[in-house]
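# Observations on chain architecture
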There are 2 protein chains.
Amino acid sequence: MGLTKTEIFTEEQNQMAALLKAMAHPARIAILQRILKSNTCICGDLVDELGLAQATISQHLKELKNAGIIQGTIEGVSVCYCIEPKMWKLLQNQLEGFFSSYKGEQNCC
Amino acid sequence: MGLTKTEIFTEEQNQMAALLKAMAHPARIAILQRILKSNTCICGDLVDELGLAQATISQHLKELKNAGIIQGTIEGVSVCYCIEPKMWKLLQNQLEGFFSSYKGEQNCC
DNA sequence: AATTTATATCGCAATATTACGATAGATAAT
DNA sequence: ATTATCTATCGTAATATTGCGATATAAATT
């Protein structure tokens, strides 16, 4: 096997898992933190600042972009990445609902 | 290759990625939702309710437990799982800080 | 003690991810 | 037009994940 059985889960469960998966790598967390800090981020800066090869950074950016979390705009030779606002707020709301639905440790085992 | 270069990232980045990764599967989202709903959850119930084999459910539970997100208590023959409150709140706070640090779409590309 | 019930672990096959060198493509500078 | 610069893609090796049957373990029941 090796492939997730997406068909037995809800659309919501699959989407949430996909978004979390896109973020679930230290390099991609670092990329997002860097974008959040200066609101914008040239791809080449990430290659200089993180300790990964250019091809690897490009691949991580692609995953974040495919998940819809960031967007890239061509600026001459370089590419400027920033947060995709709608998806960001969607995920923020979904996670907030998810985490706040925890009722505390009563009746726990 | 194939192994994440954890040594070039901060402790915080690695921990956040690890926690998100533990949640980044539809089955594990479903398991957490089930636990959140009734505050508690017997392993066997998950096997009945989700459409996955017992060995697979057990493996997913192990990953959530290893990440520290849930805890399991033996209750006779069966095992009762519930949220690990401290880790839950830690992750909730970390994510809240992370998502709310987004300053909006000004100066974006 | 033997049996039933519930969960964990092992071993394996299929697939996915991570990382990077090499190379391609596209715009800017000379 | 040629060269330099920046990013994306291809191909590949190493490792990780997913799913499950088979089996082990451990408590409860008979």
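Just above, that's the structure.
Below is a short write-up of the structure. (Residues numbered from 1 in each chain as written. Chains lettered and ligands numbered in written order. Predicted model: local features only at pLDDT ≥ 70, side-chain atom pairs only at ≥ 80, totals over all residues. Heavy atoms only, no water.)

### Quick notes on the interface of chain A and chain B
Rule in force here: Contact between two residues is taken to exist if any of their heavy atoms lie within 4.5 Å; hydrogens are not considered. In this description, buried area is defined as the sum, over both parts, of the accessible area (probe of 1.4 Å) that is lost when the two are combined. Only one rule defines a salt bridge in this text: a Lys or Arg side-chain nitrogen within 4 Å of an Asp or Glu carboxyl oxygen. Strands are runs of DSSP state E lasting at least 2 residues, helices are runs of H or I lasting at least 4, and numbering of each runs from the N terminus. Lys, Arg, Asp and Glu make up the charged group, whereas Ala, Val, Leu, Ile, Met, Phe, Trp, Tyr, Cys and Pro make up the nonpolar group; the residues left over, Gly among them, are polar.
Each partner contributes residues to the interface: chain A has 51 residues there, and chain B has 51 residues. Summed over both partners, the interface of chain A with chain B comes to about 4,500 Å²; 69% of that surface belongs to carbon and sulfur atoms. Contact with chain B buries surface across chain A, with Phe99, Tyr102 and Cys109 of chain A losing the most and accounting together for 17% of the total. Summed over the shared surface of chain A and chain B, the result is two salt bridges. As a salt-bridge pair, Lys89 of chain A and Glu105 of chain B come within 3.9 Å of each other at their nearest N and O atoms. Taken together, the elements giving at least two residues each to the side of chain A that touches chain B come down to helix H1 (11–23), helix H2 (26–38), strand S2 (70–75), strand S3 (78–83) and helix H5 (85–100) of chain A. Of all the elements, H5 of chain A adds the most residues to the side of chain A that touches chain B, at nine residues. For the side of chain A that touches chain B, the residue count by class is 27 nonpolar, 16 polar and eight charged.

### What to know about the state of the cysteines
Heads up, the condition is: When two cysteine sulfur atoms are found within 2.5 Å, that pair is recorded as a disulfide. Relative accessible area decides the class of each residue, using a 1.4 Å probe on protein chains only: under 20% of the type maximum gives buried, over 50% gives exposed, and in between gives partly exposed.
Enumeration over the complete set of coordinates arrives at one disulfide over all chains. Put simply, Cys82 of chain A and Cys108 of chain B are joined by a disulfide, and their sulfur atoms are 2.3 Å apart. One disulfide, between Cys82 of chain A and Cys108 of chain B, carries an S-S torsion of 90° and so falls in the right-handed class. Residue Cys82 of chain A is found in strand S3, and its partner Cys108 of chain B is found in the segment after helix H5 (85–100); the two belong to separate chains. Taking the relative accessible area as the measure of exposure, Cys82 of chain A reaches 0% and is therefore buried. Given the relative accessible area of 26%, Cys108 of chain B is considered partly exposed. There is no disulfide at Cys41 of chain B, and the cysteine sulfur nearest it, in Cys80 of chain B, is 7.7 Å away. Of all cysteine sulfurs, the one in Cys41 of chain B lies closest to Cys43 of chain B, which takes part in no disulfide; the gap is 7.8 Å.

### Section: the packing of aromatic side chains
Quick reminder of the rule: Planes of paired rings set the category: under 30 degrees apart is stacked, over 60 is edge-to-face and the rest tilted, where pairs are Phe, Tyr or Trp rings (Trp by its six-membered ring) whose centres lie within 6.5 Å.
Here the structure, examined in full by the defined rule, presents eight aromatic pairs over all chains. Plain terms: the ring middles of Trp88 of chain A and Phe98 of chain B are 5.8 Å apart, the flat faces sit at 40° to each other, and that makes the pair tilted. Placement of Trp88 of chain A in helix H5 and of Phe98 of chain B in helix H5 is noted, with the two residues assigned to different chains. Overall, the relative accessible area of 1% leaves Trp88 of chain A in the buried class. A residue is classified by how much of its surface remains accessible, and Phe98 of chain B, at 6% relative accessible area, is buried. Taken together, the aromatic side chains of Trp88 of chain A together with Phe98, Phe99 and Tyr102 of chain B make up a single cluster linked through ring pairs.

### Some points on the pattern of salt bridges
Residues and elements named next belong to chain A. Taken as a whole and assessed by the stated rule, the structure comprises eight salt bridges over all chains. Taking the shortest distance from any N to any O, the salt bridge between Glu63 and Arg28 comes out at 3.4 Å. Of this pair, Glu63 sits in helix H4 (residues 54–66) while Arg28 sits in helix H2, placing them 35 residues apart in sequence. We classify Glu63 as partly exposed; its relative accessible area is 36%. One salt-bridge network, in which partners are shared between bridges, spans Arg34, Asp45 and Glu49.

### A closer look at the environment of Gln94 of chain A
In this structure, Gln94 of chain A sits in helix H5. Beyond its immediate chain neighbours, meaning those up to four positions away, Gln94 of chain A contacts Glu12, Gln15, Met16 and Leu19 of chain A.

### Digging into the packing of H2 of chain A against helix H1 (residues 11–23) of chain B
We count it as follows: Note on method: axes are straight lines fitted to C-alpha atoms, helices fitted across the in-contact stretch only, with angles between N-to-C directions ranging 0 to 180 degrees. Should the near helix be turned counterclockwise from the far one by less than a right angle, the crossing is left-handed, whereas a clockwise turn marks it as right-handed.
Where H2 of chain A meets H1 of chain B, the axes come as close as 8 Å, and the angle between the chain directions of the two elements is 115°. When you trace H2 of chain A past H1 of chain B, the crossing you get is right-handed. Residue-level inspection shows Pro26, Ile29, Ala30 and Gln33 of chain A of H2 of chain A in contact with H1 of chain B, the latter providing Glu12, Gln13, Asn14, Met16, Ala17 and Leu20 of chain B.

### Structural notes on the sheet that holds strand S1 (residues 41–42) of chain B
All names here are of chain B. This is how it is decided: What makes two strands pair is DSSP finding at least two bridges between them.
One open sheet holds the three strands; their spatial order is S1-S3-S2, and the pairing between them is antiparallel. For this open sheet the edge positions go to S1 and strand S2 (70–75), each flanked by a neighbour on one side alone. Pairing between S1 and strand S3 (residues 78–83): two bridges, direction antiparallel. Pairing of Cys41 across the sheet is with Tyr81, part of S3. Lying over the sheet, helix H4 (residues 54–66) contacts S2 and S3, oriented at roughly 120° with respect to S2.

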